[in-house]
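Architecture at a glance
If you want the building blocks of each chain, they are given just below.
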Amino acid sequence: MFYQAIVLSQDTFSVRTNPHKDFPEHWHSDLEIIYCHQGAFGVSFEKQEFTVREGQSLFVGSSVPHAYFNCTEDCMVTLLRIGSLFFGSTLFMEIAKKQFVNPVLENDKETQEIFSHVAKLGEKEGTLVNKLMIQGLVQIIVSLLLDRLPQKDNFVNYDKRLNSVLNIQKTLDYVSKCFAQDITVDTAAKVSGYSRGAFCRVFKEATDMSFHQYLTNYRVQMACVLLQESQFPMTKVAEEAGFQDMKTFGRVFKQIKGIPPSEYRKKYNVK
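Everything in this summary refers to the structure shown in the same document. Quick caveat: nothing in here was measured; it's all calculated off a predicted structure. (Residues numbered from 1 in each chain as written. Predicted model: local features only at pLDDT ≥ 70, side-chain atom pairs only at ≥ 80, totals over all residues. Heavy atoms only, no water.)

What about the pattern of salt bridges?
Oppositely charged side chains may form a pair once their charged atoms are brought near each other. Inclusion rule: Salt bridges are counted wherever a side-chain nitrogen of Lys or Arg sits within 4 Å of a carboxyl oxygen of Asp or Glu. What counts as a helix is a DSSP run of H or I of at least four residues, what counts as a strand is a run of E of at least two, and both are numbered from the N terminus. Each residue's exposure class comes from its accessible area (1.4 Å probe, protein chains only) as a fraction of the maximum for that residue type: buried when under 20%, exposed when over 50%, partly exposed otherwise.
A full pass over the atoms with the stated rule returns six salt bridges. Linking Arg-196 and Asp-186 is a salt bridge whose minimum nitrogen-to-oxygen distance equals 3.2 Å. A residue pair is termed long-range when its members are at least 10 positions apart, and Arg-196 in helix α8 (residues 196-207) and Asp-186 in helix α7 (residues 185-191) qualify at 10 residues. Between Lys-236 and Glu-240 there is a salt bridge, with its nearest N and O atoms 3.1 Å apart. With a gap of four residues between them, Lys-236 and Glu-240 both fall in helix α10 (residues 234-241), about one helical turn apart. With relative accessibility at 31%, the residue Lys-236 sits in the partly exposed group. Through salt bridges that share partners, Asp-108, Glu-110 and Arg-148 make up one connected network.

As structure tokens, this is what we get:
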């Protein structure tokens, strides 16, 4: 499981309409809302699996580990990714703590119409008027989902983890951009403004692993992407993923994935 950086710029949200593909378990501090225009895909989180079909919407909360699978070849979706600055930290935390019996909103005509409008606006030039219109529609979509999705009565309290994630957000984004470089714990702590000891504690609370474990897992996942989508030689894959030598790359990759990188490429590479 690894962190995926979503809103990295000064923008507080992003909109993208494109084919949907399988994606391994990951998490991000942003909210993610997906509307399925056609086809279908599976999603798993909190030890449950759901299927999202044409005309349905999915709400993925902040810091919730999830994965996408069984995406049909014709699957087309619109993704809304919403950062904490969009609502402000206080309101964002209230929304992020919501948990649902079923995070999939069935065929809801009002939501379908709004998403169709958002998709069309997203294809146009990013003018100020366009951005303001989309921003207003995004707020309506979030409101509709919160109102119409059945919420759990005895939900798990995510307050502590959410706070921890937001406190190390700068480090997570830094790793997502500089994972191939030599990143020490001291450097990672400094990025988020922590002392080494405090950083290690908060990072463990947020990710359930040490910084070294997280960085290693992140590099392996990036190597998986390269093995799947490129024809780079193994030495290049290792270098691009941040491993200093092939021996370390092969040993660590097999330890985490259970098979050598060469076997992984044969099994998953899309030529």
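Overview of the pairing of strand β9 (residues 76-82)
In plain terms, the rule: The criterion for strand pairing is that DSSP finds at least two bridges linking the strands in question.
In terms of residue burial, β9 counts as a mostly covered element, since six of its seven residues are buried. Pairing geometry for strand β2 (residues 13-19) and β9, over seven bridges, is antiparallel. The residue of β9 that forms the bridge with Asn-18 is Val-77. Relative to β9, strand β4 (residues 31-38) runs antiparallel, the two being bridged by seven bridges. What sits directly across from Cys-36, in β9, is Val-77.

Concerning the state of the cysteines
For the record, the criterion: When two cysteine sulfur atoms lie within 2.5 Å, the pair is treated as a disulfide.
For the structure shown, the criterion picks out zero disulfides. Take Cys-75: it sits in no disulfide, and the sulfur closest to it among the cysteines is that of Cys-36, at 4.4 Å. Relative accessible area serves as the criterion here: at 1%, Cys-75 is assigned to the buried category. With no disulfide of its own, Cys-224 lies closest to Cys-71 among cysteine sulfurs, the gap being 17 Å. Here Cys-224 falls in the buried class, since its relative accessible area comes to 0%.

Things to note about the nonpolar core
Formally: Residues belong to a common nonpolar core when they are buried Ala, Val, Leu, Ile, Met, Phe, Trp, Tyr or Cys residues joined through side-chain atoms within 4.5 Å. The contact criterion used throughout is that any non-hydrogen atoms of two residues lie within 4.5 Å.
One finds Ile-33, Phe-59, Ile-82, Phe-87, Val-138 and Ile-141 to be the most contacted residues of the largest nonpolar core, which totals 26 residues. For this core, the secondary-structure elements that each account for two or more residues are β4, β9, α1 (84-87), α2 (89-96), α3 (109-123) and α4 (128-148). If near-sequence neighbours (up to four positions away) are discounted, Phe-59 is found in contact with Leu-31, Glu-32, Ile-33, Phe-45, Ile-95, Phe-100, Pro-103, Leu-145, Leu-146 and Leu-149.

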